[in-house]
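Residues per chain, in single letters:
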Amino acid sequence: MKDKNIKAIGLISGGLDSVLAVKLILEQGISVIGVHFITPFMAQPSKVAGIETLPQKHARQLGFELRTIHLGDDYIHLIKNPQWGYGSCMNPCLDCHIFFFQKAKEIMQEEGAHFVFTGEVLEQRPKSQKRMLLHIVEKKSDLEGYLLRPLTAHRLEPTVPEKLGWVNREKLLNFAGRNRKPQIALAKSFGITEYHSPAGGCLLTDPNFCGRLKDLFDRGAADSNSIQMLKVGRHFRLSPYAKLVLGRDERDNRFLAQLALEQDVLLEADGGGSPLSILRGEINDNILSLAASITKRFSRARNSPDIAVRIRHANSTLTTSIIPPILDEGLLESLRIK
Ligand code: SF4
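The structure presented is a predicted model; accordingly, all values stated were derived computationally and were not measured.

(A) Spatial organisation of the site of the ligand. Around the ligand lies a shell formed by Tyr75, Asn91, Cys93, Cys96, His97, Cys202 and Leu204. Ranked by residue count, the leading element in the shell around the ligand is helix α4 (residues 93-111), at three residues. Counted by class, the shell around the ligand contains five nonpolar, two polar and no charged residues.

Right, here's the structure in full:
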């Protein structure tokens, strides 16, 4: 017998599978609270003022409540110390899923909701969606029997919501594997046309980003601000305790300027066309000179021996200038964080 007020917590990514899962649950007369996690490792700016994100668009179009949750230090700690190890890069997908579902369970309890659901599909991602791994996630997040996967339900044991008749199992699906044509066809039949690509924008699967992240983790300096900085520009390690980041273009320069901390040193070459460089860490005259040389190397003035580089602390308007030595290209490459 179906309760009239069944409520479910759905994990929402803005991708195809999660929006289909919501649609299937809503069609059964169940109210949905969608939870969208924003991690510090997402490629896209999570929100541009005035522009609707895809999860917001899905919530408006389908008619469900959306909660957006920004993950911080506890999530960064998890990425640094995963219990189940990394995937192909620095993506500990199993730990990450367990973390998401633990949070979803907390919300389920706070809201008096009945179960949690997700758009996962059996065997779609070999590293995290094997049958055994789905079960581990369910168990470790303390949601055994209460984690429903509507798109692939017929391939899994019935959950409590199905057994108790809160959800009609007959109306759930049997998708499996990497072929996404059935999902695309179903979305079309629902009139759903906009969704994120399967890659999803998690930078933990990007080798370039992970090289920089590993450098940060090795130095123990992985706060949210430093992680944001990894997303743009050129990065150089000048000493175990000093790092230089240069913008590649005006957009990077603006982004870096917003991230500069009081104690950071900012450098720019005279003559225009210069990156904004941020020098962070323990700084001495040699490091400063090296940072100025690198800044000039990437400016329009790279071949002009007399052009100076301006230097100031982020919290000050006082500027000094130096004319740095020309940099050896071999040394430059040896300092680059890859
Ligand atoms: S790809 Fe990134 S966000 Fe997705 S589960 Fe893996 S670590 Fe988490």
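What follows continues from the structure just given.
(B) Structural view of the sheet that holds strand β4 (residues 115-117). The strand order across the open sheet formed by five strands is β3-β2-β1-β4-β5, and the pairing between neighbours is parallel. Where the open sheet ends on each side, the last strands, each with one partner, are β3 (65-70) and β5 (147-148).

(C) Highlighting unusual backbone geometry. Despite not being glycine, Glu123 shows a phi value in the positive range, around 65°. For Glu123, a relative accessible area of 38% puts it in the partly exposed group. Here the phi dihedral of Asp142 falls at roughly 60°; this positive angle occurs in a residue that is not glycine.

(D) Local environment of the pattern of salt bridges. Tallied over the full model, the rule gives 19 salt bridges. Residue Asp215 pairs with Arg219 through a salt bridge whose shortest N-O separation is 3.8 Å. Here the residue Asp215 and the residue Arg219 both occupy positions in helix α8 (residues 207-219), the gap between them amounting to four residues, near one helical turn. Residue classification places Asp215 among the buried positions, given a relative accessible area of 10%. Salt bridges here are not isolated pairs; linked through shared partners, they connect Lys7, Glu65, Arg67 and Glu111.

(E) Broad picture of the sheet that holds strand β8 (residues 265-269). Spatially, six strands are ordered β6-β7-β9-β8-β10-β11 in an open sheet, and the strand pairing comes out antiparallel. Among the strands making up the open sheet, the edge pair consists of β6 (234-239) and β11 (320-322). On average, each strand axis in the sheet is tilted by 25° relative to the strand beside it, whichever way the strands run. Inspection of the sheet shows β8 paired to strand β10 (residues 309-313) by five bridges, in the antiparallel sense. Each residue of the ladder has a partner; that of Leu267, found in β10, is Ile311.

(F) Representation of the side chain of Lys57 in the model. With respect to the secondary-structure elements, Lys57 resides in helix α2 (residues 54-62). Classification of Lys57 by relative accessible area gives buried; the value is 19%. When residues no more than four places from it in sequence are discounted, the contact partners of Lys57 are Glu52 and Glu194.

(G) How the structure looks around the nonpolar core. Core analysis: the biggest nonpolar cluster contains 39 residues, and Ile9, Phe41, Tyr75, Val116 and Leu213 have the highest contact counts within it. Here the element with the most residues in this core is α4; it accounts for nine residues. Discounting chain neighbours no more than four positions away, the residues touching Leu213 are Phe41, Met90, Leu204, Ile227 and Leu230. Ranked by size, the runner-up nonpolar core spans 20 residues in total, among them Phe236, Leu246, Ala291 and Ile294.

(H) Structural detail: the pairing of β6. Here β6 lies mainly inside the structure; five of its six residues are buried. Two strands pair when backbone bridges link them, and β6 and strand β7 (residues 242-246) are joined in this way by five bridges, in the antiparallel orientation. By the bridge assignment for β7, Arg234 is matched with Leu246. Taking the residues that link successive antiparallel strands as the turn, the β6-β7 hairpin has two residues.

The rules we used
- Residues numbered from 1 in each chain as written.
- Predicted model: local features only at pLDDT ≥ 70, side-chain atom pairs only at ≥ 80, totals over all residues.
- Heavy atoms only, no water.
- Near = heavy atom within 4 Å.
- Helix = DSSP H or I, 4+ residues; strand = E, 2+ residues; numbered from the N terminus.
- Nonpolar A, V, L, I, M, F, W, Y, C, P; charged D, E, K, R; others polar.
- Pairing = 2+ DSSP bridges.
- Buried < 20%, exposed > 50% of the residue type's maximum accessible area, 1.4 Å probe, protein only.
- Salt bridge = Lys/Arg side-chain N within 4 Å of Asp/Glu carboxyl O.
- Axes fitted to C-alpha atoms, helices over the stretch in contact; angles between N-to-C directions.
- Contact = heavy atoms within 4.5 Å.
- Core = buried A, V, L, I, M, F, W, Y, C linked by side-chain atoms within 4.5 Å.

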